[in-house]
Amino acid sequence: MLQPQAQQQAQQQAPAQQPAQDPRHHPQAQQPPVPQQAHPQQAWAGAGGYVSPIPVRPTHLGHALASEWTKIRSLRSTIWTLGVMVALTVGIGLLATLAAGSTRVMDPLLGVGFVGVLLGSLCVITLGVLSISSEYGTGMIRTTLTACPSRARVLTAKAVVFFALALVLTTIATTVVALLDTALLRGPAPTTDQWLRATLGAGLYVALLGLLALAVGALLRHSAGAISTMMGVVLLPMLLALFLQGESVKDLQRTLIEYSVPSALAQLYDIPFLTTGPSGWTPLLILAGVTAVVLGGAYAAVAQRDV
């Protein structure tokens, strides 16, 4: 009987022992675990596949146009060729105007600017070839087609940017020459049609020549070969006609002169080499048709062959 009472007293006198702390009752342990965010490269949309964390926008022709505009305005060849074109067109036009003087009567009044435009067109042809063939020469075309796999879109962007740039600069240059001719020369005032053909018409003709050169460059993929081909297209018919003498080849000689590039450009200035052949706006329409056919061939070739 004494033992139970002694145990009772010992328990009352002993200090109260604190209960062992359970880690589950710790204040920090009561917070729910924070889920770790997955790495962006490990983000998956269910079973659909990888979802890029970078916003993706569908590409369109505007992106290709912006890319080609950045390329063509940042190249030194663009500045040099177009700068020389403007210098030749305006400079030779001004020299011809000063040489004619204000005492002579010029009819047509705007025909003096023909020589400068003809020489300036050679620069535009060179730039048209280089705008696409240079990428094949350096291998940059692989990067271009990797960034924009649609080859038709790439060629369209190159054609639109180049044509617009050549048209604007050539038209400005021809307009300056026409204003100088009107101010410094004597002669009958040009009609509205003559003004349009000597400014906008000449600009369109030179720009179409450059676009034709671009198409030839896309077909040949070689700068020297494409430039040589275009120079032959521009100059060879007239040179052949000069050496074709005799009655038996008279018709061939006349045809070569009538449809040559210098004669067609002269028709826009109302100073034809021959009284026969296309006149007015017809040479421009003929060149537009030829350019469309060659450009169509360039689209087919670019779409079917390897880089």
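Residues numbered from 1 in each chain as written. Predicted model: local features only at pLDDT ≥ 70, side-chain atom pairs only at ≥ 80, totals over all residues. Heavy atoms only, no water.

### A word on the overall build of the protein
- Scanning the protein from terminus to terminus reveals eleven helices and zero strands.
- Counting helices and strands in the order they occur from the N terminus, the protein gives α-α-α-α-α-α-α-α-α-α-α.
- Excluding contacts between residues fewer than 6 apart, the proportion of contacts in the protein whose partners are at least 24 apart in sequence is 78%.
- For the protein, the accessible area works out to roughly 18,100 Å², and carbon and sulfur atoms hold 64% of it. (Helix = DSSP H or I, 4+ residues; strand = E, 2+ residues; numbered from the N terminus. Contact = heavy atoms within 4.5 Å. Areas by Shrake-Rupley, 256 points an atom, 1.4 Å probe, with all protein chains shown as cover.)

### What about the side chain of Thr81?
- Within the element layout of this structure, Thr81 appears in helix H3 (residues 76-100).
- For Thr81, a relative accessible area of 13% gives the class buried. (Buried < 20%, exposed > 50% of the residue type's maximum accessible area, 1.4 Å probe, protein only.)

### Here's the deal with the side chain of Arg197
- Checked against the element boundaries, Arg197 lands in helix H7 (residues 192-220).
- A residue is classified by how much of its surface remains accessible, and Arg197, at 5% relative accessible area, is buried.

### A look at the pattern of salt bridges
- Overall, the coordinates contain seven salt bridges when judged by the stated rule.
- When the shortest N-O distance is used, the salt bridge between Asp251 and Arg254 registers 3.1 Å. In this pair, Asp251 and Arg254 both sit in helix H9 (residues 250-258), three residues apart, roughly one turn of the helix. (Salt bridge = Lys/Arg side-chain N within 4 Å of Asp/Glu carboxyl O.)

### Re the packing of aromatic side chains
- With the rule as written, the count across this model stands at two aromatic pairs.
- Put simply, the rings of Phe114, Tyr269 and Phe273 pair up and form one aromatic cluster. (Phe/Tyr/Trp six-rings, centres within 6.5 Å; stacked < 30°, edge-to-face > 60°.)

### Details of the confidence of the model for the protein
- The predicted model of the protein has a mean per-residue pLDDT of 83, with 82% of residues at 70 or higher.
- Looking over the protein, one finds the lowest element-wise mean pLDDT in helix H1 (residues 2-13), namely 51, and the highest in H7, namely 95. (pLDDT = per-residue confidence, 0-100.)

### A short note on the environment of Val129
- As for its placement among the helices and strands, Val129 is situated in helix H4 (residues 114-138).
- In this structure, the C-alpha to C-alpha distance between Val129 and Leu211, residues 82 residues apart in sequence, is 8.5 Å.
- Contacts of Val129, omitting those with residues within four sequence positions, involve Ser134, Ala213, Leu214, Ser223, Ala226, Ile227 and Met230.

### What to know about the packing of H4 against helix H10 (residues 261-268)
- Taken N-terminus to C-terminus, the directions of H4 and H10 make an angle of 135 degrees; their axes are 10 Å apart at the nearest point. Regarding the angle of H4 to H10, the classification is oblique. For H4 against H10, the interelement crossing comes out right-handed. Contacts between H4 and H10 pair Phe114, Val117 and Leu118 from the former with Pro262, Leu265 and Ala266 from the latter.
- Across the contact of H4 with H10, the residue classes tally to six nonpolar, no polar and no charged. (Axes fitted to C-alpha atoms, helices over the stretch in contact; angles between N-to-C directions. Parallel < 35°, antiparallel > 145°, perpendicular 65-115°, else oblique. Left-handed = near helix turned anticlockwise from the far one by under 90°. Nonpolar A, V, L, I, M, F, W, Y, C, P; charged D, E, K, R; others polar.)

### Description of the nonpolar core
- Ranked by internal contacts, the top residues of the largest apolar core, which has 55 residues, are Leu155, Phe162, Tyr205, Met230, Leu265 and Tyr269.
- At the level of elements, H3, H4, helix H5 (140-147), helix H6 (151-184), H7, helix H8 (223-243), H10 and helix H11 (282-304) are the ones that each hand at least two residues to this core.
- When residues in this core are grouped by element, the largest group, 14 residues, is from H7.
- Formed by five residues, the second largest nonpolar core is a distinct cluster that contains Ala100, Met106, Leu109 and Leu185. (Core = buried A, V, L, I, M, F, W, Y, C linked by side-chain atoms within 4.5 Å.)

### Thoughts on the environment of Thr229
- Among the structural elements, Thr229 can be located in helix H8.
- Owing to a relative accessible area of 36%, Thr229 belongs among the partly exposed residues under this scheme.
- For the pair Thr229 and Gly217, spaced twelve residues apart in sequence, the C-alpha separation works out to 9.4 Å.

### Things to note about the packing of H7 against H11
- Where H7 meets H11, the closest approach of the two axes is 9 Å, and the angle between their N-to-C directions is 25 degrees. With respect to H11, the axis of H7 lies roughly parallel. Of the two possible hands of crossing, H7 and H11 adopt the one that is left-handed. Across the interface between the two elements, Gly201, Leu204, Tyr205, Leu208, Leu209, Leu211, Leu212, Ala215, Val216, Ala218 and Leu219 from H7 touch Pro283, Leu284, Leu287, Ala288, Val290, Thr291, Val294, Leu295, Gly297, Ala298, Ala301 and Val302 from H11.
- Classifying every residue of the contact of H7 with H11 gives 20 nonpolar, three polar and no charged.

### Comments concerning a nonpolar patch on the surface
- Together, Leu235, Leu236, Leu239, Leu240, Leu242 and Phe243 give the surface a local cluster of nonpolar side chains, amounting to about 610 Å² of exposed area.
- Summarising the element assignment, Phe243 is placed in helix H8.
- Taking relative accessible area as the criterion, Phe243 reaches 70% and is therefore assigned exposed. (Patch = residues over 30% accessible without salt bridge, like charges linked within 9 Å, V, L, I, M, F, W, Y side chains within 5 Å.)

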